[in-house]
Amino acid sequence: MKAAIYYKTKKFAVNTIIHLFLISVAITCLYPLLWMIVSSLKTQDMIFKDISLIPHQFRLENYIRAWQEGGFGRNFLNSILYTSSVVFGIVIISSMAAYAFSRLRFPGSKWLFIMFMAAMMIPIPGSFVALYVLLNKLHLRNTPIGYILCMINVGLSTSIFLLKTFFDKMPKELEDAARIDGCSKLGIWWHVALPLAKPVLAVVIVFNALTVWNEYILALIIFDNRQFMPLQVALQTFQGEFVTNYPLLMAGLTITALPIIIVYLLMQKYIVKGVTQGAVVG
Amino acid sequence: MKIKEALENYTFVLPAAAIFSVFYVIPFIWVFQLGLFEWDGISFTRTFVGLQNFKEIFFQDKSWWQAMWNASYITLIALTFQNILAFMLAWACDREIKMKNFYRVIFFIPPVLSEVVVGMAWRFIINDIDGANIINRTLTGMGMPNLVHNWLSDPNTALTTVALVHCWKGFGWGFLIFLAGLQTIPRELYEAARVDGASAWQSFRKITLPLMVPVMVLVAILTVLGTMQVFVLIVSLVGGEFAGHTSVPVLRILASMRGSSRFGYACAQGITFGMVLIAISFIQYRFSKKARQ
Amino acid sequence: MLIRSVVLSVFALFSVLGCSNQKIDSKPTITVWHWMTDRDSAFQALAKKYESLTGIRVNFELYAPSDAYSQKIRAAAQGTNLPDIFGILGEKRDFASFIKAGHILDITSYMEADNSAWKNKLFPKALAVNEFAPGNSYGINPGIFGVPIDIMTIQMVYNKKLFGQLGLNPNRPPKTFQEFLDIGNKIKAAGMQGLVSGWGEVWMIDCLANNYAFNIMGKDKVLATIRGEVPYTDPDWIRVFSIFKQMQESGVLAKGIVTMINKSAEQLFANEKAVFAFNGSWCVNVYKGMNPNLEYGAMLPPAASDKYPISIWGGAGSSFMVNARSKNKGEAVKFLAWLTDQDQQAYLAKETNNLPANKNSLSKIPEILAQFARGMDYATHPNIWGVSEFSLVIEAFDRGIQSIIIGERTPEQVAGEVQSIKERELAKKRAR
C-alpha cells in the first residue's frame, strides 16, 4: 500500500517537472507569435508605445489592407503552386534516389551519394548570378518551370540525406516478401518503402514547404513579371527601405505564416501515427 | 543480366542526378573557376590570378578566420544546448503525456516565424531602452542587479546571446526529427524490457540511445550545416558584424561580394568554407561509425 | 515538298512583316525597375499622368528589398537583360564598372541641350554624384550618366521636448562639440538616452567620422589620405577617432548604439526615448508615421574645430540610369526629363516627403524638411570625391570605431591597424 502511494507520488512529481519544463519552453515559443498577432491589430503610432501583449486595439482592417495593398491574391496562388509542385517533385525524386542509395546496388553509388552530400555543404555565394545566366541560356528565365526546377535542386540533397538515414533504419523483411510476390523494384518503392517512410516524408514535406514558401530572392531575380512573383515578394513592400509599415507587415506575416502552420498540423499526425503502424507490421 | 539490373537501378537516381548536374554542378563549376579570377561582378572581363585569392584567405584574411571561429562557437552551442533540448523535448512528447499534441504544435512555431519577427521580438525581450527588457528586469527581480547589462552590445555576451536565440529558433527541427526517430522504435521493445524489470533509465540507455544514434548523427550534421551558415538572424539582432564579434562566414562572403565588389574572392571564400564543412561532417560521420560499433 | 517549304517561308516572312508593321504603329512602353517601396504609388500615379499626356506607357516595377534589387540588376547586366531605366545601388566604383561594360547611356548631350536647360534645374551636388569629372581615377570619359530624382542629407536631429526637460533652450541646438559633450553629461545625470543611430549597420559611423574628418583637417587632407599621401596615424586622424571616445565617455551616446539597427533607432527617437538621432532626411517621413506630434529640429553635427567647416553627407538620394542598349533610350531620357520637371518633383516631394532634386520645387515643403534641404550647402559625398578608399580600409576604419566605443581599443591602436591595412592594399595595387 505504502509502496503504491510512494510510486504514485513519485510519478506525479516526475510528470509535474516534465510539464513545467515543457510549459516554460512553450511560453517562449508562443510569445513572438502573440506579439506578431497583437502588433498586427494596432496602429503604426501605437505599436512601440503600447508594449503590452493584451490588445487594446482591434484593427482587423489591417488584414484587409495588407491583402489588398500587397496584392496578395495572385501571389498567394503562385506561392501555393510553387510550394506544392516543388515539394511534390522533391518527395518523388529524392525518395527514389534515397531508396536506391539505401537498398539497390549499382556501380558508383557511393560516389554519387558523397557528391550529393558535398553539395549540401558547399554554399555557392554567386549562385544567383550563375543560375540567372544558366536559366537565360536554357530559355527558362522568367518562367515558373525554371524557378520550380531551381527550387527542387535546393531541397534535393538534404532530403536525400534525411530519407536515406531513415530507409537504412527500416526493416527489410516486408520488401523481401513483396519481392517474392513478384513486385517490381518500382512497385516495392511505391507500395512498401514509401508508406513505411511516412513520418520522415512528413518531415521532408514540412522542411521543403517552409524553404520554398519563404524564398523570395531567387524569385525576385529571375522573374521580370509581377504576375509570377510568390507571396514573400509582396510582403517585402511593407518592409520599406526607409518607412516600415509595421502593422501591415505583421498582418502580412501572420497571413503568410498561416498556410505553413496548417501544413505542419496536417503533417505532424503522420510523424507520430504513421510509424507506429508501420513498425507493428514490421 | 547484371548490366540490365544496374541500369534499372540507375533509373532511380537518374532524375535526381539530372537536376543536380544542371542546377548545381554547372553553377558550381562557374563559381569554382571564378575563385581563380579577380572580378567585380559586373564587367565582361575578368583577370586570372591563379591561387592568389586562396593565398589571401589563408595567410592574410584574419577577419575571415575570426568569422569561422565565431560560427564554430555558435555551432558548438547549437550542437550541445540546442540538440540536447530538442532531444529532451522529443523524448518527453514521445511518452504518454497529457497535452502532447499541444506541445508538438507549439514547439514548431519558432522555425515557422520569419527572422524579421524573431529578431524584433527578441530585441524587445533583451534590449535595455526600446523594449520590455524582460531579461534584465527578471535578473533585478531575482536580486541579481549586478548581472544586468546590455546583452547585445557587450562584446563578451553578444555572440552567446545571438547563439542562444539561434538555438531557440532552430530546436524545432531537431525536435521534429528526433520525434520521428523515436516513433520508429517498436513499443514492444520497451514493454519487453519492463517485463524483464528494467528501470526507465535502463531502457532509455539500452534501447532508446543505441537505436537513435543514426538519427542523432543526422541531426548533428544538419545542425552544423544550418548553424555555420547563419546570418539573417545576426543582421536582424545586431545589425551586422559588430566590430568582428558577431561576424560569420556568410557575412564575410557577402561583404566581399557586395561591399567590396570582389566577386572572385567571395567565390574563393565560399569554396574554402565548403571544404571546412565537408571536413567537419566527415569527422562527425567517422565518429558516429565508431560510436555504433 | 519544295513548293510547300517555299509557301511556308513566304508565310513566315509575311507574319514577320506584319508584326513589325504593327510595332511601328504602337508607341513604345518604357520599363523602369526600381526599389523604392515608399515611392511606388507616387510613381504609378505619375506614370498614368505621363501616358495621358504622351500616350507612352511607363511600366514601373518594384523589386524590394534594395539588397535583392542590386543583385537582380547585376544578374540582369550579365545577361544583358536590363530594362530601359534602372538604378545602381553601390559605390562609384560599381557605377564605373557598369559604364565600362556599356550598360549606361551618357546623357550629357541631353542635359546640356538648350543652354543646359535640364541641367540647370537640378542641384549641382545631386548631379555630381552621377557625374564623372575630367581626369577621374576610374578611367571613365567625363560626362553625366544618371538623373537624380531626389536629394538627401544626413544630419543630426534633436528632440525639443526633451531639450526643455534638460533645461536647455529648445530652439538652440549645440553648435560646438564641447557644448554637445556637456549636454551628454546632463543626459547621463538625468538618466536619459542621448544619440541614437544605426551604428550596427556600420556605414553611418563612416558617415559621421568623415564629417569630423572634413571639419578637423579639411577636404584636401582627407582626399590626400585616400590617395595614400597622408597616413591614418596622422594626429588629425587620431583626433577624429578620439571624437567617438569622447562622445562615449560623456554619455551623449545611447546605450547599445554599436549594435543598434537604424530602424530601432528611429523607433526610439520617434517615441521620445532619445534626445538626439543621427539620420538622413528620409527620417522625416518615418517619424511622421510613428509619431505625428513629435517636436524636433535638424542640426549640423556640432563642430569640433573651427579650422574648417563641418561637412555632412548629402547629394542625390536616388538616381535613375538609362540603358545604353535599350531600343527606347530616346523616349526613356525624355521621360526622365519630365520626371525631374518642377511639377512632378513637387508632387513627389509632397507625396513621399523626400527632398526634390529640382531646385525650383523646394518652395512648398514643410519646415523640418527645409532644414534638411538647407544642409545641402554643407553637403559632400564619397561619390563626388573622384577617388575612393579601398573597401578593406573602410571596413577596418568602421570596425575600429565600434571597438573604440566599446572601449576595446584606443584611437591610436585603431589608427595603426587601419594604416597597416592601407599600406598592404597600396602595395597590392602597385604590384599590379
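Everything numeric here is computed off the predicted structure, so don't read it as measured data.

I would appreciate a short explanation of the overall build of chain A in the present structure.
When its secondary structure is counted, chain A shows twelve helices and zero strands. Going from the N terminus to the C terminus, chain A shows its helices and strands as α-α-α-α-α-α-α-α-α-α-α-α. Over its C-alpha atoms chain A spans a radius of gyration of 24 Å, topping by over 25% the 19 Å that the globule rule assigns to 282 residues. Principal-axis analysis of the C-alpha atoms gives chain A an extent of 80 × 70 × 30 Å. A total of 282 residues make up chain A; the buried ones form 49% of that total. If you take every contact in chain A between residues at least 6 apart in sequence, the share linking residues at least 24 apart comes to 76%.

How should I be thinking about the interface of chain A and chain B in this particular structure?
The figure often quoted for interface size is the accessible area lost as the parts come together. The interface of chain A with chain B comprises 67 residues on the first partner and 64 residues on the second. Listing elements by their share of the side of chain A that touches chain B, those giving two or more residues are helix H1 (2-39), helix H3 (72-103), helix H4 (109-121), helix H5 (127-137), helix H6 (144-169), helix H9 (198-214) and helix H12 (246-281) of chain A. Each residue belonging to the side of chain A that touches chain B can be placed in one class, and the counts come to 53 nonpolar, ten polar and four charged.

I keep staring at the domain arrangement of chain C and nothing clicks. Help me out?
Residue and element names in this part refer to chain C. Entries for chain C in the domain assignment read domain 1 (29-152 + 315-382) and domain 2 (153-314 + 387-431). Summarising the inter-unit geometry, the C-alpha centres of domain 1 and domain 2 are found 28 Å apart. Taken together, the contact pairs 24 residues of domain 1 with 20 residues of domain 2. Taken together, the elements giving at least two residues each to the side of domain 1 that touches domain 2 come down to helix H4 (92-100), strand E6 (147-159), helix H15 (367-374) and strand E12 (379-380). No other element matches H15, which puts four residues into the side of domain 1 that touches domain 2. In terms of residue class, the side of domain 1 that touches domain 2 is built from ten nonpolar, nine polar and five charged.

Looking at this structure, how should I read the confidence of the model for chain A?
Do not read the predicted coordinates in detail wherever pLDDT is low. Residue and element names in this part refer to chain A. Put simply, chain A has an average pLDDT of 87, and 95% of its residues get 70 or more. Ranking the elements of chain A by mean pLDDT puts H12 last with 78 and H3 first with 94. With pLDDT under 50 throughout, residues 274-282 is counted as low confidence; its partners more than four residues away or in other chains account for 16 contacts.

Sorry, what's going on with the environment of C:Asn323 here?
Among the secondary structure elements, C:Asn323 is positioned in the loop between strand E10 (312-322) and helix H13 (329-339). As for C:Asn323 and C:Gly184, which are separated by 139 residues in sequence, their C-alpha atoms are 50 Å apart.

Hey, could you run me through the nonpolar core in this one?
The nonpolar side chains of a soluble globular protein tend to be buried, and buried together. Among the nonpolar cores identified, the biggest contains 309 residues, and A:Ala97, A:Val203, B:Val162, B:Phe178, C:Val196 and C:Ala277 are the most heavily contacted of them. Top element by residues in this core is helix H8 (residues 158-183) of chain B. It accounts for 15 residues. Counting only domains with at least three residues in this core, you end up with domain 1 (29-152 + 315-382) and domain 2 (153-314 + 387-431) of chain C. Discounting residues that sit within four places of it in the chain, C:Val196 has contacts with C:Ala254, C:Ile257, C:Met260, C:Ala265, C:Leu268, C:Phe269, C:Ala274 and C:Ala277.

Explain the interface of chain C and chain B here, please?
Counting residues at the interface gives 31 residues for chain C and 24 residues for chain B. Every element with two or more residues in the side of chain C that touches chain B is listed here: helix H3 (66-78), H4, helix H11 (262-270) and helix H16 (391-405) of chain C.

Whenever I open this one, the pairing of strand E8 (residues 276-280) of chain C confuses me. Can you help?
Residue and element names in this part refer to chain C. With five of its five residues buried, E8 lies for the most part within the structure. Burial along E8 is two-sided: Phe 276, Phe 278 and Gly 280 facing one way and Ala 277 and Asn 279 facing the other are all buried. With five bridges joining them, E6 and E8 adopt antiparallel strand pairing. Paired with Tyr 158 across the bridge in E8 is Phe 276. Across two bridges, strand E7 (residues 195-196) lies against E8 in parallel orientation. In the strand pairing of E8, Val 196 is matched with Ala 277.

Definitions and cut-offs
Residues numbered from 1 in each chain as written. Chains lettered and ligands numbered in written order. Predicted model: local features only at pLDDT ≥ 70, side-chain atom pairs only at ≥ 80, totals over all residues. Helix = DSSP H or I, 4+ residues; strand = E, 2+ residues; numbered from the N terminus. Rg over C-alpha atoms; globule rule 2.2 N^0.38 Å. Buried ≥ 20, exposed ≤ 12 C-beta atoms within 10 Å, placed from the backbone. Contact = placed C-beta atoms within 7 Å. Nonpolar A, V, L, I, M, F, W, Y, C, P; charged D, E, K, R; others polar. Domains from an automatic or database assignment. pLDDT = per-residue confidence, 0-100. Core = buried A, V, L, I, M, F, W, Y, C linked by C-beta atoms within 7 Å. Pairing = 2+ DSSP bridges.

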